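One letter stands for each residue in the lines below.
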4 protein chains.
Amino acid sequence: MNKFFKEHLTVASNASGRKMHVPIYRFKGEEPGPKVYIQSSIHGAEVQGNVVIYHLIEYLKTTKIRGEIVLVPNCNPVGTNIKSGEYTLGRFDPINGQNWNRGYYFKEELINDFVDTVTADDSFEQVKHAFRQQVKKAIEAELSKTWGIGLAPRLNLQLQAQAFDADIVIDLHNGPVATRHIYVPEYAKESAKHFNIPHVIFIPNQFNGALDEAMFCHWWTLADKLSKKFPQQKWQIPVEAFTLEMGSQEVIDFDSGSYDAKGILTYLNYKNSLIDANLKPENINRYAVFLKDYKILYTQEGGIIEYKVKPGQHVKQGEVLAKVLNVDDLDNDNAVSYIYAPEDLIAILHFPSASVLCGTQLYKCFINYFPLP
Amino acid sequence: MNKFFKEHLTVASNASGRKMHVPIYRFKGEEPGPKVYIQSSIHGAEVQGNVVIYHLIEYLKTTKIRGEIVLVPNCNPVGTNIKSGEYTLGRFDPINGQNWNRGYYFKEELINDFVDTVTADDSFEQVKHAFRQQVKKAIEAELSKTWGIGLAPRLNLQLQAQAFDADIVIDLHNGPVATRHIYVPEYAKESAKHFNIPHVIFIPNQFNGALDEAMFCHWWTLADKLSKKFPQQKWQIPVEAFTLEMGSQEVIDFDSGSYDAKGILTYLNYKNSLIDANLKPENINRYAVFLKDYKILYTQEGGIIEYKVKPGQHVKQGEVLAKVLNVDDLDNDNAVSYIYAPEDLIAILHFPSASVLCGTQLYKCFINYFPLP
Amino acid sequence: MNKFFKEHLTVASNASGRKMHVPIYRFKGEEPGPKVYIQSSIHGAEVQGNVVIYHLIEYLKTTKIRGEIVLVPNCNPVGTNIKSGEYTLGRFDPINGQNWNRGYYFKEELINDFVDTVTADDSFEQVKHAFRQQVKKAIEAELSKTWGIGLAPRLNLQLQAQAFDADIVIDLHNGPVATRHIYVPEYAKESAKHFNIPHVIFIPNQFNGALDEAMFCHWWTLADKLSKKFPQQKWQIPVEAFTLEMGSQEVIDFDSGSYDAKGILTYLNYKNSLIDANLKPENINRYAVFLKDYKILYTQEGGIIEYKVKPGQHVKQGEVLAKVLNVDDLDNDNAVSYIYAPEDLIAILHFPSASVLCGTQLYKCFINYFPLP
Amino acid sequence: MNKFFKEHLTVASNASGRKMHVPIYRFKGEEPGPKVYIQSSIHGAEVQGNVVIYHLIEYLKTTKIRGEIVLVPNCNPVGTNIKSGEYTLGRFDPINGQNWNRGYYFKEELINDFVDTVTADDSFEQVKHAFRQQVKKAIEAELSKTWGIGLAPRLNLQLQAQAFDADIVIDLHNGPVATRHIYVPEYAKESAKHFNIPHVIFIPNQFNGALDEAMFCHWWTLADKLSKKFPQQKWQIPVEAFTLEMGSQEVIDFDSGSYDAKGILTYLNYKNSLIDANLKPENINRYAVFLKDYKILYTQEGGIIEYKVKPGQHVKQGEVLAKVLNVDDLDNDNAVSYIYAPEDLIAILHFPSASVLCGTQLYKCFINYFPLP
């Protein structure tokens, strides 16, 4: 059995004055290789990633690896424990509404300043190393600002300080009621086929605060700027980062977790993280969209909803997505009404409650999707 | 098509100062017969009853009835609309935690006082009529007390004032993740077979604040006391009241709703509420327990849970009910642990979230159950 | 400086699987004397009691005591940390609405069974000791039931197991927006004058789940039953228990805390808990009511409220308590309306938010109050 | 008495399927003049603005005006009614955490496109009129998008469609526990002295989603771009918009409301909105900062806090802002600790609860402030 290490990272303290910790499991490779960082449950109700990490650990106990693999389950000790009714109110800070996955660090001007310091003589590895130090120093500086920093960014930055050393970062999430899907930066298109995830969203170099973006936007922007400064050199993007959404929140399933762990290991194997592993991606249909074609269908009116289309289902324009009951109209023709697909789509996820106000995210859908060969 | 009437009952006003209404649908019979009162969604997230009422109305539009049938969907306009995260926090008043189904009226001393006024010459119908007036007057008095009354009892009492005229009261609920079950007062055992509900809980004459109890405890206690006072007369309990739990909260399903509506109509037909209806109970296995054998299994520790047993499943003592992931112990033997059935049981419902603290209602179960012939 | 001891009691575990602890500070006396148990913040937002305990400890560091004094601040690690918006949702379990101060243990039949075992030869001290063991054994049994126990009673019972050894129990609370008041069992009327609390509620021997009741109802009922069984003997109630409400929730104030600590020490001195202390109750006006005269004024309509009467204020029947703004009626005479005192009263506390639904506890008031000489 | 009109604008529908309305009060002037739009309580717990509008209406009933004044109290019927515990969870959508004051419309490219269509011959009034139509059309288009729009932006846009006609827009807010302060766009510096608000924040032309920004960023950006395109012409910014923060949330006070109404009327008078009014600004000290100097002090650790500095207080570097109680350390020197002012400051607001996690916004402060002459 491979040796591995458990540590605890203190990320917050609560109103009782108690420290709050995150467990970190660390596997060291026998040979050099990529550094991998995988975390789960930054959104407290999205717990399936913890099961995936459990299965990853079970596998890694007996498989030789290259480089390093760091696994951080249940990485949000605040969000995991905010109950409101029977469910976990884990998507945002209950005090101010801030999404737990929107406070990571990215500043374009740091990259500009850094690029100014790079010379034509610097090797790629030198640049990479120096940039890493620079960003980590900036994160450290944010965390120690005199006037302080909010809870969500504080948590995010402490995790990012761990993650930023990695060449591969995977953030494990779940949708509300969802089918498997994955966010992939456009430059890493090739990697999308090495997971066992049938729905792929290609995202551009735009930072909105999430961990995957906070990783790849740094490296992508750096590569772009260096390529502009030194057009004769080929600056590759050395880091890949993904958000994996593995089914629905509020439930865990060990069998599904095993399947998803295998998918991640297949990708890691493709990336030379594993030694002597024999893992091939599943032969499944994969559909992709660009981010602009990942659409949200909002309700126009409040009411009680039966979701007629399951996540993963392909729907033609005009077909029924949902059936709405209007309790004030049970004596007339408006008792039941329907919500139709505005165009051809694949339903990826839907709202987890039958009771909706107007303006609710009813379905998130792929339109203009295309097969990944 | 039968004529029926829609009214709105004002039950509350909110912080904007706006009145909050409940719709009431009323079918009048062509012949005398029982008065029926059916409400749904006193717990805001338990919305399937609204679909059942929709199907009842569809059926009653074309079926002749005796007596009167009153249908009150979405009877809690406060609880229905309290969102906290994506779910509906509808089981209790968010201000003080009071369960929306525990504030109905019942006072034994009112019954004592009433029994004192009954004479041997009073006919059963006279007694029944007078008692109804008495209780409704008492409810009215509660509602108009100088110092006022809390929101949950206020809502409850306004609904009870509507319901107390009825001979048959059905309160439509859902469990968290649940299979169909029904609460039946012990004296109405015979009626349990006329619904299409496989799990039956027989409840004693004990008032804990719920609507069904607020109905049958009044009549049951009255009959008991009159039988004691006039032992030579046979005082029957003239009213039946039930809580029906039809599957899980937070979802609606029109097909299931149709099935449950048919079950209720079958019972109403058995009670002579319908004219010329041809409805027979389904030939299903029915299992029953006494209330004391409807047990709650609480968690001993917090953690992340996979529910291995589905509601409705029969489980032997010692079999696994749930599998627990302990994220702090992924490096040791405690990574996964199990929760076992403490005795033979039928799982009726389980908690709707994988994330639990210690002391959480993990499963509610039948033990010492027996078949209903 | 007196030596004292800090321990931690594990009372729960959360969804991360982490143990949750309560600190216990224990002072041992130099001479025999009463055992005292004081806890604070069972309701998570009622934090001022923690400051009182801080001041008690500062005092006790340098004062010699008799018996034992046990201090348990922040005794609810769950409730203390449930934020919802900026405030602390600490009055009830967010999962099921159960009030954190209603799950303590009391069963009359245990007392009946115990009284059956007492003989005329048993000394008072023997009876007292045996009863304590009996109740503590029963609490232990509750906590280790096969099917488990809910979170609130679980927490309550673990605290009660600590408290039940004590002769004096004080549970430190706060009202929403409140003036100082204290709940005193009717038999301990004399003690009410030894605190520095101007508003006193005398409560009967009725158990509703709170800690003070869970203490005194046991001993009061025992004394009553023993007096009935052995009418020739004088069975005193050997234990006193109080709920102290020291001002408003959501705030702390070290100066007020010092004042309240001094009041408690004055009472403890009167009870011989302190050696060589020179503490006298303040010369203040004290007003008392019986519990039935501690009335709640509920709103009849929702709206936005200015509280015109401060807690502690004496109000005549018909005087304005509150002024209501009705935003839908700013064009007519209903723009502003008033809520009047239904009878002469002392306002003790009011709701902490201007925004109210109908059925909100607007004010809690003393009526038929009388001075404590 | 002046005639004025009440309408209701339907802005949402809830899970019961009920329409939700906002009242609008409209005063028409006797002479031409500026259009004024004032709303309150977009954050549901910030209710004092409703009282201010009440007083404005009382005043306007008997004062002649120019132009038009539109008053929209309680403009968020969703946020106003979300209770969680006793308080109002009104700052953000409880479903997704979105701040109710961050979903207004602003798109720079619309302005670019518009500026392309302006010719040197167009009069200022023509440009102004055409731009207004353009923006309102864009808002309309957003609201009727096929895939819909979220609840917060939906509400915001409907209000903005009302507000965008106005030359003066005032959004009435409250802080948590706060002193009066006002956000003023830098170009409207002069106007800051005509309110009776002692603390002024000058904000740049940056859009973060709030109503005031959604107003002035449009006009400011337009003026800047037109000035660049037609450097010989002087393009003034024709619209002023402010966020007024009048004390603390969760309370109303009619006297303060009267004072603040008078301040607003004084400003409106200065802007020629009133006829024959004799209103002068109060002679008070006014302090201002630029937005970058309006700093948030975050907690570094969780604990229980006594706020030692009141909003409005001037504090020197190193003075105590807050005193922290650490319940786990009552036996050692860490029992009480202090939080100090990191530099000279004016405290403007503080967190409304004593119980804080790390990363909580403890105080918001002015640094580098200067007097407004």
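From a predicted model like this one, the values you see are computed outputs, not experimental measurements.

Rules used in this analysis
Residues numbered from 1 in each chain as written. Chains lettered and ligands numbered in written order. Predicted model: local features only at pLDDT ≥ 70, side-chain atom pairs only at ≥ 80, totals over all residues. Heavy atoms only, no water. Phe/Tyr/Trp six-rings, centres within 6.5 Å; stacked < 30°, edge-to-face > 60°. Helix = DSSP H or I, 4+ residues; strand = E, 2+ residues; numbered from the N terminus. Buried < 20%, exposed > 50% of the residue type's maximum accessible area, 1.4 Å probe, protein only. Lys NZ or Arg CZ within 6 Å of the ring centre and 35° of its normal. Least-squares fit on C-alpha atoms with pLDDT ≥ 70 in both. Contact = heavy atoms within 4.5 Å. Polar contact = N/O pair within 3.5 Å; in protein donor to acceptor, adjacent residues only side chain to side chain. Domains from an automatic or database assignment. Buried area = accessible area lost by both parts, 1.4 Å probe. Salt bridge = Lys/Arg side-chain N within 4 Å of Asp/Glu carboxyl O. Nonpolar A, V, L, I, M, F, W, Y, C, P; charged D, E, K, R; others polar. Axes fitted to C-alpha atoms, helices over the stretch in contact; angles between N-to-C directions. Parallel < 35°, antiparallel > 145°, perpendicular 65-115°, else oblique. Left-handed = near helix turned anticlockwise from the far one by under 90°. Pairing = 2+ DSSP bridges. Expected span 1.5 Å × (residues − 1).

In the structure shown here, the tally under the stated rule is 104 aromatic pairs over all chains. Look at A:Y187 and A:F216: their rings are 6.4 Å apart centre to centre, the planes differ by 80°, and that puts the pair in the edge-to-face class. With A:Y187 in the loop between β9 (181-185) and β10 (199-203) and A:F216 in helix α5 (residues 211-229), the pair connects residues that are 29 residues apart, well separated along the chain. Relative to A:Y340, the ring of A:Y338 has its centre 6.4 Å away and its plane inclined at 35°; by these criteria the two rings are tilted. The exposure class of A:Y338 is partly exposed, given its relative accessible area of 39%. The structure contains a cluster of three or more aromatic residues connected by ring pairs, namely A:F114, A:F131, A:F164 and A:W219. Of note, B:K323 hangs over the ring of A:F254, and the distance from its end group to the ring centre comes to 4.0 Å.

Next up on the list: the relation of the copies chain B and chain A. Superposing chain B onto chain A requires a rotation of 180° together with a translation of 0.0 Å along the rotation axis, leaving an RMSD of 0.0 Å. The superposition of one copy onto the other is thereby described by a two-fold rotation axis. Residue B:S84 of chain B places its C-alpha closer to the rotation axis than any other residue of that unit, at 3.3 Å. Most of the interface of chain B is mirrored in chain A: 100% of its interface residues are interface residues there too.

Attention shifts here to the side chain of D:E306. Here D:E306 shows up in strand β14 (residues 303-307). Residue class for D:E306 comes out buried when judged on its relative accessible area of 7%. In terms of polar contacts, D:E306 uses its side chain to reach the backbone amide nitrogen of C:F254, at 2.8 Å.

Moving on to the domain arrangement of chain A. Residues and elements named next belong to chain A. Domain assignment breaks chain A into domain 1 (4-284) and domain 2 (294-367). Once you take the C-alpha centre of each, domain 1 and domain 2 turn out to be 33 Å apart. In this complex, domain 1 contributes eleven residues to the contact, which on the side of domain 2 involves twelve residues. For the pair domain 1 and domain 2, the summed buried surface comes to about 840 Å²; carbon and sulfur atoms form 75% of the total. Counting across the interface, domain 1 meets domain 2 through zero salt bridges. Applying the counting criterion to the domain 1 and domain 2 interface returns two residue pairs in polar contact (both at pLDDT 80 or more). Taken together, the elements giving at least two residues each to the side of domain 1 that touches domain 2 come down to β8 (177-178), β9 and β10. No other element matches the three residues that β10 contributes to the side of domain 1 that touches domain 2. Across the side of domain 1 that touches domain 2, the residue classes tally to six nonpolar, five polar and no charged.

As a further point, take the relation of the copies chain D and chain B. Take chain D, turn it by 180°, move it 0.0 Å along the axis, and it overlays chain B with an RMSD of 0.0 Å. Mapped onto chain B, 100% of the interface residues of chain D again fall at the interface, so both copies present the same surface.

This next bit is on the environment of D:R180. Residues and elements named next belong to chain D. Among the secondary structure elements, R180 is positioned in the loop between β8 (177-178) and β9 (181-185). According to the relative accessible area criterion, R180 is partly exposed, its value standing at 22%. In sequence terms R180 and P311 are 131 residues apart; their C-alpha atoms lie 8.7 Å from each other. Not counting the four nearest positions on each side in its chain, R180 is found in contact with N196, I197, P198, H199, E245, M246, G247, S256, Y259 and D260.

All names here are of chain B. Where helix α3 (residues 124-143) meets helix α4 (residues 151-163), the axes come as close as 10 Å, and the angle between the chain directions of the two elements is 155°. Compared by their axis directions, α3 and α4 come out roughly antiparallel. Classified by chirality, the crossing of α4 by α3 is left-handed. Of the residues in α4, those in contact with K136, I139, E142 and L143 of α3 are R154, L157, Q158, Q160 and A161. Its residues assigned to classes, the contact of α3 with α4 comprises four nonpolar, two polar and three charged.

A separate point is the interface of chain B and chain A. Taken residue by residue, the interface counts 49 residues in chain B and 49 residues in chain A. Buried area between chain B and chain A, both sides added, is near 4300 Å², and the carbon and sulfur share of it is 61%. Area buried by chain B at its contact with chain A is led by B:E86, B:Y87 and B:L330, which between them contribute 16% of it. Our count for the chain B to chain A interface comes out at two salt bridges. Taking the shortest distance from any N to any O, the salt bridge between B:K6 and A:D331 comes out at 3.1 Å. At the surface where chain B touches chain A, the tally comes to 29 residue pairs in polar contact (both at pLDDT 80 or more).

Here the focus is the sheet that holds strand β16 (residues 320-325) of chain A. Residue and element names in this part refer to chain A. Taken together, four strands build an open sheet; the order of strands is β17-β16-β14-β19 and the sheet is antiparallel. Pairing within the sheet leaves two strands with one partner each, and these edge strands are β17 (336-340) and β19 (355-356). In the sheet, strand β14 (residues 303-307) pairs with β16 via four bridges, with the strands oriented antiparallel. By the bridge assignment, I305 is partnered in β16 with V324.

This brings us to the sheet that holds strand β14 (residues 303-307) of chain B. The strand order across the open sheet formed by four strands is β17-β16-β14-β19 (chain B), and the pairing between neighbours is antiparallel. Two strands close off the open sheet at either side, each with one partner strand: β17 (336-340) and β19 (355-356) of chain B.

At the junction of the two partners, chain D supplies 19 residues and chain B supplies 19 residues. Roughly 1300 Å² of surface becomes buried between chain D and chain B when both sides are summed, with 46% attributable to carbon and sulfur atoms. Inspection of the chain D/chain B interface yields eight residue pairs in polar contact (both at pLDDT 80 or more). Put simply, the parts of the chain that give the side of chain D that touches chain B at least two residues each are β2 (19-28) and β5 (83-84) of chain D. Residues of the side of chain D that touches chain B, tallied by class, amount to seven nonpolar, nine polar and three charged.

Residue and element names in this part refer to chain B. The first and last C-alpha atoms of helix α6 (residues 254-270) sit 24 Å apart over 17 residues, in line with the 24 Å expected at 1.5 Å per residue. Here α6 has its buried residues at F254, G257, D260, A261, G263, I264, L265, T266, Y267, L268 and N269. Two or three places before D255, at the opening of α6, D253 has a side-chain oxygen 3.0 Å from that residue's backbone nitrogen. Just beyond α6, the residue with positive phi is N272, at close to 70°.

Tallying each qualifying case throughout the model produces 95 salt bridges over all chains. With its nearest N and O atoms 3.5 Å apart, the salt bridge here joins C:K145 to C:E142. The partner of D:R26 in a salt bridge is D:E68, with the nearest N and O atoms 3.4 Å apart. Of the two residues, D:R26 sits in strand β2 while D:E68 sits in strand β4 (residues 66-72), which places them 42 residues apart along the sequence. Here the two residues D:R26 and D:E68 agree in accessibility, since each one is buried. Among the ionic contacts, a cluster of salt bridges with common partners joins A:E7, A:R26, A:K28, A:K35 and A:E68.

Attention now goes to the pairing of strand β7 (residues 168-175) of chain C. All names here are of chain C. Counting buried positions along β7 gives eight out of eight residues, so the element sits mostly inside the fold. Alternating positions in β7 separate into two faces, I168, I170, L172 and N174 on one and V169, D171, H173 and G175 on the other, with burial throughout. Two elements, strand β3 (residues 31-40) and β7, share five bridges in a ladder whose sense is parallel. Looking at the pairing, V36 lines up with I168 of β7. Of the pairings in the sheet, the one linking β7 to strand β11 (residues 240-248) comprises seven bridges and is parallel in character. Note that in β11 the partner of D171 across the bridge is T243.

All names here are of chain B. With respect to the helices and strands, the residue R132 is situated in helix α3. The exposure class of R132 is buried, given its relative accessible area of 10%. Residues R132 and Y287 lie 155 residues apart in sequence; the distance between their C-alpha atoms is 34 Å. Of the polar contacts made by the side chain of R132, one reaches the side chain of D167; its length is 3.0 Å.

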